[in-house]
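What follows is the residue order along each chain.
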Amino acid sequence: ALDQLTKARSELEQKVQERTLSLQAVTEHLHLALQSAQAGTWHWHSQTNSLQWDTYTCTLLGVQVGCLSDTRQAVLHCIHPDDRPANAHAIRDFLKAASEKTGKEFRVLWPDGRVRYIMARGQMECNEYHQPKRISGIFWDITERKQAETELQAYQLQAAQAQRTTAMSEMASALAHELNQPLAAISAFARGCLRRI
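Residues numbered from 1 in each chain as written. Predicted model: local features only at pLDDT ≥ 70, side-chain atom pairs only at ≥ 80, totals over all residues. Heavy atoms only, no water.

Enquirer: Is there a simple way to explain the confidence of the model for the protein in this structure?
Expert: Should pLDDT be low for a region, the predicted coordinates there are not to be read in detail. Averaged over every residue, the pLDDT of the protein is 81; residues scoring 70 or more account for 91%. Of all the helices and strands in the protein, helix α4 (residues 84–97) carries the lowest mean pLDDT, 69, while strand β4 (residues 115–126) carries the highest, 86. (pLDDT = per-residue confidence, 0-100. Helix = DSSP H or I, 4+ residues; strand = E, 2+ residues; numbered from the N terminus.)

Pasting the structure below:
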């Protein structure tokens, strides 16, 4: 019986070790995928009202690692002043609704004055009373996408202006053609009248 218990314990320890190594491998792959996507993770715990994030989230928010406190106010302080009220309301509404998922875009103002666009996505876990227990999510940098959208809008505006200019030129040309014939007839009639006089 003791041999069987020892053997079972050995097998159990081996399975735990295999699962631990497997979990470490998955965590490393996830971390690599998040870095490739320029994304950072965060977790908010309602009981302690504290936030946790990985080091890349600090990079996205423009804060040195270890200098960001674990409060929502610290994150709101990193957000562009014009976007802060809307984000504070969005967080409150999300917590009141206790909905399962949310997403929000906002600008981050870095200490050196640069502005970055961030997308935040979160998913809420609730307790049996439908009260928020924990929210987990990601921040990712969408600055390049926003810049591409701005450039596309500028090109579309230029194209629309060029199209209006072309249309005006065509209309002016058509009017000139339509007006030339009657004006030429009036001029010829006036010359004929002058000759008769």
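Let's pick the thread back up.
Enquirer: Sorry, what's going on with the pattern of salt bridges here?
Expert: Any two side chains of opposite charge can pair, given that their charged atoms come close. Tallied over the entire structure, the rule returns 10 salt bridges. Ionic pairing is found between arginine 107 and aspartate 82, a salt bridge with its closest N-O pair at 4.0 Å. Residue arginine 107 is found in strand β3 (residues 101–109), and its partner aspartate 82 is found in the loop between α3 (72–78) and α4; the two are separated by 25 residues along the sequence. Here aspartate 82 falls in the exposed class, since its relative accessible area comes to 58%. When the shortest N-O distance is used, the salt bridge between arginine 134 and glutamate 125 registers 3.5 Å. For glutamate 125, a relative accessible area of 35% puts it in the partly exposed group. Members of the salt-bridge network, linked through shared partners, are Glu105, Arg145, Lys146 and Glu149. (Salt bridge = Lys/Arg side-chain N within 4 Å of Asp/Glu carboxyl O. Buried < 20%, exposed > 50% of the residue type's maximum accessible area, 1.4 Å probe, protein only.)

Enquirer: It is not clear to me how the packing of aromatic side chains should be interpreted in this structure. Could you clarify?
Expert: For any pair of aromatic rings, geometry is given as the distance between the ring centres together with the angle between the planes. Enumeration according to the criterion identifies 2 aromatic pairs in this entry. For the ring pair phenylalanine 106 and phenylalanine 139, a centre distance of 5.8 Å and an interplane angle of 85° mean the geometry is edge-to-face. Of this pair, phenylalanine 106 sits in strand β3 while phenylalanine 139 sits in strand β5 (residues 132–141), placing them 33 residues apart in sequence. Of the residues examined, phenylalanine 106 reaches a relative accessible area of 5% and is grouped as buried. Judged by its relative accessible area of 7%, phenylalanine 139 falls in the buried class. Feature note: the residues Trp42, Phe106 and Phe139 constitute an aromatic cluster, connected by ring pairs. Stacked on the ring of tryptophan 110, the Lys or Arg arginine 116 has its end atom at 5.7 Å from the ring centre. (Phe/Tyr/Trp six-rings, centres within 6.5 Å; stacked < 30°, edge-to-face > 60°. Lys NZ or Arg CZ within 6 Å of the ring centre and 35° of its normal.)

Enquirer: What am I meant to see in a nonpolar patch on the surface here?
Expert: Residues Met168, Met171, Leu175, Leu179, Leu183 and Ile186 make up a contiguous nonpolar surface patch of about 620 Å² in total accessible area. Take leucine 179: it is sitting in helix α5 (residues 143–196). The exposure class of leucine 179 is partly exposed, given its relative accessible area of 49%. (Patch = residues over 30% accessible without salt bridge, like charges linked within 9 Å, V, L, I, M, F, W, Y side chains within 5 Å. Areas by Shrake-Rupley, 256 points an atom, 1.4 Å probe, with all protein chains shown as cover.)

Enquirer: What is the right way to look at the environment of lysine 104 in this model?
Expert: Here lysine 104 shows up in strand β3. By relative accessible area, which is 31% here, lysine 104 ends up partly exposed.

Enquirer: Any chance you could explain the nonpolar core here in plain terms?
Expert: As a rule of thumb, nonpolar side chains are buried together in soluble globular proteins. Ranked by size, the top nonpolar core spans 21 residues in total, and within it Trp42, Leu51, Trp53, Phe106, Val108, Ile118 and Phe139 carry the most contacts. Residue assignment for this core shows that the elements contributing at least two residues are β1 (39–45), β2 (50–53), α2 (55–61), α3, β3, β4 and β5. No other element matches α2, which puts 4 residues into this core. In contact with tryptophan 42, not counting residues within four places along its chain, are Leu51, Gln52, Trp53, Arg121, Gly122, Ile135, Ser136, Gly137, Ile138 and Phe139. (Core = buried A, V, L, I, M, F, W, Y, C linked by side-chain atoms within 4.5 Å. Contact = heavy atoms within 4.5 Å.)

Enquirer: Can you walk me through the side chain of lysine 146 in this structure?
Expert: Note on placement: lysine 146 falls in helix α5. Taking relative accessible area as the criterion, lysine 146 reaches 18% and is therefore assigned buried. If we skip the residues at most four places from it in the chain, lysine 146 touches Glu105 and Tyr117.

Enquirer: What's the story with the side chain of threonine 143 in this structure? I'm lost.
Expert: Assignment of secondary structure puts threonine 143 in helix α5. For threonine 143, a relative accessible area of 2% translates into the label buried. At a separation of 2.8 Å, a polar atom in the side chain of threonine 143 contacts the main-chain amide nitrogen of tyrosine 117. (Polar contact = N/O pair within 3.5 Å; in protein donor to acceptor, adjacent residues only side chain to side chain.)

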